[in-house]
Amino acid sequence: MSEISVEQFKRLSQHIYQKLGLHFDEKKIYFLKKRVEKRMAALHIAEPEDYVFMVGYADPHGLEMQQLANLVTTNETYMFREYEQLQAFANHCLPQVLSAKLARGERSLRIWSAGCSSGEEPYTLAMIVQEVFPQAQSWKCQIIATDIDENVLQRARDACYGDRAVAEVPEDYFKKHLSEDGEQWRVREKTAALVEFRHLNLNDRMAMRAMRGFDFIFCRNVLIYFDDLSRQAVVDHFYNALNRGSYIFLGHSESVGRISTAFKLKRFESHLVYAKE
Ligand SMILES: C[S@@+](CC[C@H](N)C(=O)[O-])C[C@H]1O[C@@H](n2cnc3c(N)ncnc32)[C@H](O)[C@@H]1O
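About the cut-offs
- The written sequence of each chain sets the order in which its residues are numbered from 1.
- In keeping with the model being predicted, local features are shown solely for residues with a pLDDT of at least 70 and side-chain atom pairs are shown and tallied solely at 80 or more, while totals for entire chains, interfaces and linings include all residues.
- To obtain the side-chain values, all non-hydrogen atoms of the structure were used and water was disregarded.
- If even one non-hydrogen atom of a residue comes within 4 Å of a molecule or strand, that residue is called near it.
- Any pair of N or O atoms that falls within 3.5 Å is considered a polar contact. Within protein, one atom must be able to donate a hydrogen and the other to accept it, and sequence-neighbouring residues count only if both atoms are side-chain atoms.
- The Shrake-Rupley method, run with a 1.4 Å probe sphere, supplies the accessible areas, and residue values consider only the shown protein chains as cover.
- As defined here, a cavity is a set of points on a 1 Å grid over the protein atoms alone where a 1.4 Å probe fits but cannot get out. A pocket is an open set with protein on both sides within 12 Å along at least five of seven lines, and residues line them when an atom is within 4 Å of a point.
- Criterion for pocket placement: a molecule counts as inside a cavity or pocket if more than half of its atoms are within 2 Å of its grid points.
- Grid points are joined across faces, edges and corners, and a volume is the space filled by probe spheres set on the points.
- Strands are runs of DSSP state E lasting at least two residues, helices are runs of H or I lasting at least four, and both sets are numbered from the N terminus onward.
- Note on pairing: DSSP must find at least two bridges between two strands before they are called paired.
- Lines fitted to the C-alpha atoms define the axes, with helices restricted to the stretch that makes contact. Angles between their N-to-C directions range from 0 to 180 degrees.
- Working rule for contacts: check all heavy atoms of both residues, and any pair within 4.5 Å makes them a contact.

### Observations regarding the site of the ligand
Lining the immediate environment of the ligand, one finds 22 residues, of which T77, R81, G115, D147 and N221 sit closest. Between the ligand and T77 there is a distance of 2.6 Å, counted from an oxygen atom to a side-chain nitrogen or oxygen. Here the ligand loses 99% of its free accessible area of 610 Å² to cover by the protein chains. Among the cavities detected, the one that contains the ligand is the largest pocket.

Shown next, in the form of structure tokens:
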């Protein structure tokens, strides 16, 4: 098998950028090379040139790009990640949105976990919603969890996790929402039932336009892999997907401030969140 050249790498990353919005600069050549070699071996392709051509021009349904997406995305996650931010959600934002809805006579709540990986984030949100708001079961309460990587979505639907994924779950949540399943922990049915997993590429304009009517969007530790242009497009879609009086939560190192003035920055205790007013 020949080595992928810098020029081929550049063309391949251009195709990846166009289809997935993920940006791989030359520092990532080793990372990408390893994954490409894996796909070439699986497809019995000896020449990188043939692989680059195939991904760019002979993959009409995007099936190979999907395989590559499964390999190049970083899926690191765990339950109750970025706890302080979740406290701002649980103690301030969620009660505020719920009481506004009650006052308007609305009985529905919609949350989107965008880039949900293997499901730890949306299941965490499902646990919090039930704790803060026990009436959740009698409302139309939906947590839509989406990711581009089909392998992680399969694991998410299975709802079964090892010790590492659940290590940060607070004790009072643990027994209520998780049950022992051999060596693993399974999300209890009542909690899991609030979450619906869907395949979605955040760079797919048509699919993004169909996402509407959300009260909260969590997109944490996802946009760090995007460049400014695709990040801006995604944030614009998020703005349109949100109801008035709603919130968006990004990861600690991410900010919409730089790319959108449409959201209003609000402080809850030590935490900053973005609101659509
Ligand atoms: C590091 S995980 C973050 C998981 C979770 N949000 C958290 O903070 O723990 C990033 C996820 O974003 C997904 N992702 C990356 N690019 C994407 C895209 N273009 N569309 C949808 N999901 C994407 C990856 O597949 C991965 O599962």
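Read on for the rest.
### Section: empty space enclosed by the protein
Applying the stated criterion across every chain yields a total of 1 cavity of 30 Å³ or more. The calculated volume of the largest cavity comes to roughly 30 Å³. Contributing to the lining of the largest cavity are T77, Y78, M79, F80, R81, L86, E120, E121, T124 and R220. The greatest single-element share of the lining of the largest cavity, amounting to 3 residues, is contributed by helix α6 (residues 120-132).

### What about the sheet that holds strand β3 (residues 160-161)?
Whether parallel or antiparallel, the strands of a sheet pair through hydrogen bonds between backbone atoms. Strands sit in the order β3-β5-β4 across an open sheet of 3 strands; the sheet is antiparallel. The open sheet has two edge strands, β3 and β4 (178-181), and neither has a second partner. Where β3 and strand β5 (residues 184-187) come together, 2 bridges link them in antiparallel fashion. Each bridged residue has a counterpart across the sheet, and for C160 the counterpart in β5 is R186.

### A few points about the sheet that holds strand β8 (residues 242-250)
Read from one edge to the other, the open sheet built from 7 strands follows the order β6-β2-β1-β7-β8-β10-β9, with strand pairing classed as mixed. Strands with a single pairing partner mark the edges of an open sheet, and in this sheet they are β6 (195-199) and β9 (264-268). On average, adjacent strands in this sheet sit at an angle of 25° to one another, irrespective of strand direction. As paired strands, strand β1 (residues 108-114) and strand β2 (residues 140-147) are joined by 7 bridges and run parallel to one another. Bridging across to β2, W112 finds its partner in I144. Here helix α5 (residues 83-104) sits on the sheet in contact with β1, β7 (214-219), β8, β9 and β10 (271-276), set at roughly 175° to β8. Sheet contacts for helix α7 (residues 150-158): β2 and β6; angle to β6, the most-contacted strand, approximately 165°.

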